[in-house]
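What follows is the residue order along each chain.
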Amino acid sequence: MTRSTSPGAGQTLTRSLLLFILLLGAVPTLARWVQGDFARWLQSALFLLATAWLLWNVDKGSVLAWRVVSSMSIVLGILAMLLGLVIGQGAVIWWLVAVVGVLFVTAGLLLVGLPDVRAYLDTRWASWRRGKPRS
């Protein structure tokens, strides 16, 4: 079995991981909005826009944004997982929080460790440094 580490091979995977991270963060907010809870809607909307902007910058080639996204995904995922397991004491909602924490950790580790993702991001980082227009 040969592994593909060409820059184009990781584009779909990288963008899928970034979308997955965005959706994991957006689902609780969207669920509250669907239920009619619009308290703090402006704060939630700004949070979602800031998250989308940060993830867009990762795809654009910002190393700093990649470091922030990967570290926050891992650290906050571990925190959510531990809180879900320790505080939950068997309640279903806390098990879901723990599972979401594991998903965040997994997404952060995949963003750091997959060779196809790193190859794609390496090309994006190189073009970011040169200041060339990116597709």
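Structural notes, computed from the coordinates. (Residues numbered from 1 in each chain as written. Predicted model: local features only at pLDDT ≥ 70, side-chain atom pairs only at ≥ 80, totals over all residues. Heavy atoms only, no water.)

**Observations regarding the overall build of the protein**
And then number 1: The number of helices and strands found in the protein is 5 helices and 0 strands.
And then number 2: When its helices and strands are written in sequence order, the protein yields α-α-α-α-α.
And then number 3: Each of the 135 residues in the protein was classed as buried or not, and the buried ones make up 30%.
And then number 4: Put simply, of all contacts in the protein between residues at least 6 apart along the chain, 66% involve residues at least 24 apart. (Helix = DSSP H or I, 4+ residues; strand = E, 2+ residues; numbered from the N terminus. Buried < 20%, exposed > 50% of the residue type's maximum accessible area, 1.4 Å probe, protein only. Contact = heavy atoms within 4.5 Å.)

**Digging into the nonpolar core**
And then number 1: By size, the foremost hydrophobic cluster in this structure holds 16 residues, and its most contacted members are Ile21, Val58, Trp66, Val69, Leu111 and Leu121.
And then number 2: Looking at this core, the elements that each hand over two or more residues are helix 1 (9-34), helix 2 (41-60), helix 3 (63-88), helix 4 (92-113) and helix 5 (115-130).
And then number 3: Filtering out sequence-adjacent residues up to four positions away, valine 58 remains in contact with Leu18, Ala65, Trp66, Val69 and Leu121. (Core = buried A, V, L, I, M, F, W, Y, C linked by side-chain atoms within 4.5 Å.)

**Quick notes on the environment of leucine 30**
And then number 1: Relative to the helices and strands, leucine 30 resides in helix 1.
And then number 2: Take leucine 30: its relative accessible area is 40%, and that puts it in the partly exposed class.
And then number 3: In the structure, leucine 30 is positioned 14 residues away from serine 44 in sequence and 9.3 Å away in space, judged by C-alpha atoms.

**A short note on the pattern of salt bridges**
And then number 1: Across all of its chains, the model carries 2 salt bridges by this definition.
And then number 2: Between arginine 124 and aspartate 59 there is a salt bridge, and its shortest N-O distance comes to 4.0 Å. Highlighted residues: arginine 124 in helix 5 and aspartate 59 in helix 2, separated in sequence by 65 residues. The same class applies to arginine 124 and to aspartate 59, which are both buried. (Salt bridge = Lys/Arg side-chain N within 4 Å of Asp/Glu carboxyl O.)

**Considerations on the side chain of serine 73**
And then number 1: Along the chain, serine 73 turns up in helix 3.
And then number 2: For serine 73, the contacting residues outside a window of four places in its chain are Ile21, Phe104, Val105 and Gly108.

**Structural notes on unusual backbone geometry**
And then number 1: The backbone of arginine 40 sits at a positive phi, close to 55 degrees, despite the residue not being glycine.
And then number 2: Along the polypeptide, arginine 40 turns up in the loop between helix 1 and helix 2.
And then number 3: Its relative accessible area of 59% is what places arginine 40 among the exposed residues.

**A word on helix 4**
And then number 1: When the terminal C-alpha atoms of helix 4 are compared, their 31 Å separation across 22 residues agrees well with the 32 Å that a helix rising 1.5 Å per residue should span.
And then number 2: By the burial criterion, the buried members of helix 4 are Ala98, Gly101, Phe104, Val105, Ala107, Gly108 and Leu111. (Expected span 1.5 Å × (residues − 1).)

**Brief notes about the packing of helix 2 against helix 3**
And then number 1: One way to put it is that helix 2 packs onto helix 3 with a least axis distance of 8 Å and a crossing angle of 125 degrees. Taken together, the axis directions place helix 2 and helix 3 in an arrangement best described as oblique. The two elements helix 2 and helix 3 meet at a crossing, and its hand is left-handed. Two secondary-structure elements touch here, helix 2 through Leu54, Leu55, Asn57 and Val58 and helix 3 through Ala65, Trp66, Val68 and Val69.
And then number 2: In the contact of helix 2 with helix 3, the residues fall into 7 nonpolar, 1 polar and no charged. (Axes fitted to C-alpha atoms, helices over the stretch in contact; angles between N-to-C directions. Parallel < 35°, antiparallel > 145°, perpendicular 65-115°, else oblique. Left-handed = near helix turned anticlockwise from the far one by under 90°. Nonpolar A, V, L, I, M, F, W, Y, C, P; charged D, E, K, R; others polar.)

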